[in-house]
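This is what each chain is made of:
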Amino acid sequence: MKLVKYENNDNDGMKNLPYEKFISYGAETLTDSELLAIIIRTGTPDMSARELGEEVLKTAGKYGNGLLGLYQIPLRELMDVKGIGKVKAVKLKALAELCTRMAQTRARDCLKFTEPYSVADYYMERFRHEKVEHIMLILLDSGLHLIEEQLISKGTSNASLLSPREVYISAFRSQAAYIMLLHNHPGGNPAPSSNDIDITQRIADIGKTIDISLLDHIIIGDNSYFSFKESNLIN
């Protein structure tokens with residue numbers, strides 16, 4: 001039987017191990033690889049759990065810096081890391097999803113549809129990692145309360161189709177008084193394209209004639225955003 005390096009040791013003299021370091025000094029004192037080691041628990045004959053955590057971060061690094069890469073790396077590729085396998089890979093991906101949901105929950109507490117930065121902050125984690133454009137339609141009542149949100153388009157890596165007709169059909173069905181558009185730029189730069197500007201102006205103009213106002217169109221980049229409202233591109 002092969003022996004593996006096991007880091008979940010209750011020996012009080014082993015304070016340098018991640019589990020004992022967590023108990024003695026708190027989670028904030030641990031590095032990313034040490035935190036992953038607690039989830040991974042066991043290493044391989046050649047690597048401790050902490051070293052295996054470092055290998056996971058290294059492999060996921062091409063998908064994003066630090067723990068962000070863990071969210072993006074495909075499950076199959078994570079399973080291919082020696083010493084991880086299916087069970088540990090699923091645990092690590094579940095951890096990444098929990099982190100994303102906690103970030104969204106924290107942002108929801110500050111969500112105000114009249115403030116573009118608040119909306120961008122809330123939707124940032126959902127869309128900043130996507131590899132193709134997603135367009136979200138946000139439907140609001142007369143008090144600017146959320147009625148529902150709809151994913152109305154999912155495009156290629158550099159373009160996405162948006163139909164003003166589809167937007168306002170959804171608005172009528174939901175009896176919305178206001179609408180807001182939000183989409184991501186997979187390249188990371190939230191600056192609007194000429195097509196983004198043209199279609200946004202068309203939708204805003206139609207809204208004026210039917211009394212359903214377009215509050216804003218927000219483009220999500222990599223930890224950045226662009227607001228048509230803040231840039232005075234729509235009234």
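The paragraphs below set out a description of the structure included in this document.

### Brief notes about the overall build of the protein chain
What the protein chain contains, in helices and strands, is 9 helices and 5 strands. If you list the helices and strands of the protein chain from N to C, you get α-α-α-α-α-α-α-β-β-α-β-α-β-β. Put simply, the protein chain has 235 residues, and 43% of those count as buried. Here the analysis covers contacts within the protein chain between residues at least 6 apart in sequence; of these, 56% occur between residues at least 24 apart. Split by element, the accessible area of the protein chain, about 13000 Å² in all, is 52% carbon and sulfur.

### Focus: the pattern of salt bridges
Under the counting rule described, the total for this entry stands at 4 salt bridges. Where Glu34 meets Lys21, a salt bridge forms, and the shortest distance between an N and an O atom there is 3.1 Å. Placement of Glu34 in helix 2 (residues 32-40) and of Lys21 in helix 1 (residues 18-25) is noted, with a sequence separation of 13 residues between them. Here Glu34 matches Lys21 in class, with each residue buried. Among the ionic pairs, Asp46 bridges to Lys82, the shortest N-O distance being 3.9 Å. With Asp46 in the loop between helix 2 and helix 3 (49-60) and Lys82 in the loop between helix 5 (75-79) and helix 6 (85-108), the pair connects residues that are 36 residues apart, well separated along the chain. The class of Lys82 is exposed, set by a relative accessible area of 60%.

### Focus on the sheet that holds strand 3 (residues 178-184)
Strand order in the open sheet made by the 5 strands is 2-1-3-4-5, with mixed pairing throughout. Taken across any chain shown, the strands that pair with only one partner, and hence form the sheet edges, are strand 2 (146-154) and strand 5 (225-227). Averaged over all pairs of adjacent strands, the angle between strand axes in this sheet comes to 20°, irrespective of strand direction. As paired strands, strand 1 (residues 134-140) and strand 3 are joined by 6 bridges and run antiparallel to one another. Directly across from Ile135, in strand 3, lies its bridge partner His183. Running over the sheet, helix 7 (residues 116-127) touches strand 1, strand 2, strand 3, strand 4 (213-220) and strand 5 and is turned about 45° from strand 4.

### A word on the nonpolar core
With 20 residues, the main nonpolar core has Leu162, Val167, Ile179, Leu181 and Ile203 as its most contacted residues. Secondary structure elements with two or more residues in this core: strand 1, helix 8 (164-173), strand 3, helix 9 (194-210) and strand 4. Discounting chain neighbours no more than four positions away, the residues touching Leu181 are Ile135, Met136, Leu137, Ile152, Leu162, Val167, Ile203, Leu214, Asp216, His217 and Ile218. Counting residues in each nonpolar core, the second largest holds 16 residues, with Ile40, Leu57, Ala60 and Val81 among its members.

### Some remarks on the pairing of strand 2
Looking at chain direction, strand 1 and strand 2 are connected through 7 bridges and run antiparallel. Within the sheet, the bridge partner assigned to Leu139 lies in strand 2 and is Glu148. Between strand 1 and strand 2, which pair antiparallel and follow one another directly, the connecting turn spans 5 residues, one of which, Leu144, has a positive phi of 60°.

### Focus: the packing of helix 8 against helix 9
Interhelical geometry of helix 8 versus helix 9 gives an angle of 40° and a closest axis separation of 10 Å. In terms of axis orientation, helix 8 runs oblique to helix 9. Along this stretch, helix 8 crosses helix 9, giving a crossing that reads as right-handed. The residues of helix 9 that touch helix 8, namely those facing Pro164, Val167, Tyr168 and Phe172, are Ile199, Arg202, Ile203, Ile206, Gly207 and Ile210. Its residues assigned to classes, the contact of helix 8 with helix 9 comprises 8 nonpolar, 1 polar and 1 charged.

### Quick notes on helix 1
Pro18, Glu20 and Lys21 are the residues of helix 1 that are buried. Buried residues of helix 1, viewed axially, fall in a sector of 160°; they line one side. The elements touched by buried residues of helix 1 are helix 2 and helix 3. Two residues or fewer after helix 1 comes Gly26, characterised by a positive phi angle close to 100°.

Cut-offs applied
Residues numbered from 1 in each chain as written. Predicted model: local features only at pLDDT ≥ 70, side-chain atom pairs only at ≥ 80, totals over all residues. Heavy atoms only, no water. Helix = DSSP H or I, 4+ residues; strand = E, 2+ residues; numbered from the N terminus. Buried < 20%, exposed > 50% of the residue type's maximum accessible area, 1.4 Å probe, protein only. Contact = heavy atoms within 4.5 Å. Areas by Shrake-Rupley, 256 points an atom, 1.4 Å probe, with all protein chains shown as cover. Salt bridge = Lys/Arg side-chain N within 4 Å of Asp/Glu carboxyl O. Pairing = 2+ DSSP bridges. Axes fitted to C-alpha atoms, helices over the stretch in contact; angles between N-to-C directions. Core = buried A, V, L, I, M, F, W, Y, C linked by side-chain atoms within 4.5 Å. Parallel < 35°, antiparallel > 145°, perpendicular 65-115°, else oblique. Left-handed = near helix turned anticlockwise from the far one by under 90°. Nonpolar A, V, L, I, M, F, W, Y, C, P; charged D, E, K, R; others polar. Arc of directions from axis to C-beta.

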